[in-house]
Amino acid sequence: MQGNRTKDMDQVMRDKLDNAILKQSIRDLASKDSKLRDRATLFFTNESFDDFCSRNKFKDTDKIKQGVKSILSYPLLSRKLVVEQICRILDNSIK
């Protein structure tokens with residue numbers, strides 16, 4: 001019984017950590033710092049993101065990647081607004 005509770009707690013903590021990683025990476029897409037923006041873009045375009053999506057059972061990673069490209073096409077101020085809306089959606093989806 002104790003083992004199941006520990007596994008459940010571990011999963012909850014992993015989910016919270018992955019949610020925080022995802023939100024910060026999305027926020028970094030709207031950073032004024034071009035190096036930070038580039039690193040965030042790299043996160044969404046390399047194999048580790050595919051692993052991240054698989055671990056979190058995200059179904060359509062291509063749509064997420066298209067969304068990232070779309071976010072990057074906005075001017076910085078608009079990008080910040082869009083990113084904050086996405087982060088609010090993520091907050092509401094994981095409780």
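Procedures and definitions
Residues numbered from 1 in each chain as written. Predicted model: local features only at pLDDT ≥ 70, side-chain atom pairs only at ≥ 80, totals over all residues. Heavy atoms only, no water. Helix = DSSP H or I, 4+ residues; strand = E, 2+ residues; numbered from the N terminus. Expected span 1.5 Å × (residues − 1). Buried < 20%, exposed > 50% of the residue type's maximum accessible area, 1.4 Å probe, protein only. Arc of directions from axis to C-beta. Contact = heavy atoms within 4.5 Å. 1 Å grid on protein atoms, 1.4 Å probe; cavity = no way out; pocket = protein on both sides within 12 Å on 5 of 7 lines; lining within 4 Å. Points joined across faces, edges and corners; volume = space filled by probe spheres on them. Nonpolar A, V, L, I, M, F, W, Y, C, P; charged D, E, K, R; others polar. Axes fitted to C-alpha atoms, helices over the stretch in contact; angles between N-to-C directions. Parallel < 35°, antiparallel > 145°, perpendicular 65-115°, else oblique. Left-handed = near helix turned anticlockwise from the far one by under 90°.

A.B. asks: How would you explain helix α4 (residues 61-73) if you had to name every residue and give the values?
C.D. replies: Its 13 residues place the ends of α4 19 Å apart at the C-alpha level, agreeing with the 18 Å of an ideal helix rising 1.5 Å per residue. Residues T61, V68 and I71 constitute the buried set of α4. Here the buried residues of α4 occupy an arc of 70° about the axis, which is enough to place them on one side. The exposed residues of α4 that point more than 90 degrees off its buried face are D62, K63, Q66, K69 and S73. Contact partners of the buried residues in α4: α2 (34-45), α3 (47-55) and α5 (76-93).

A.B. asks: For the layout of surface pockets, give the residues involved together with the corresponding values.
C.D. replies: Taken as a whole, the largest pocket encloses approximately 160 Å³ of empty space. The wall of the largest pocket is formed by L22, I26, L29, F44, F58, I64, G67, V68, I71, I86 and L90. Among the elements of the structure, α1 (2-28), α4 and α5 are those that each provide at least two residues to the lining of the largest pocket. Looking at the lining of the largest pocket element by element, the count peaks at 4 residues for α4. Class assignment for the residues of the lining of the largest pocket results in 10 nonpolar, 1 polar and no charged.

A.B. asks: Tell me about the packing of α3 against α4, and name the residues and values.
C.D. replies: Helix-helix packing is described using two parameters, namely the angle between the two axes and the distance between the axes. Interhelical geometry of α3 versus α4 gives an angle of 125° and a closest axis separation of 11 Å. In terms of axis orientation, α3 runs oblique to α4. When you trace α3 past α4, the crossing you get is right-handed. For the pair formed by α3 and α4, the contact residues are F49, D50 and C53 on the first element and T61, I64 and K65 on the second.

As far as function goes, none of this settles anything; it's purely spatial.
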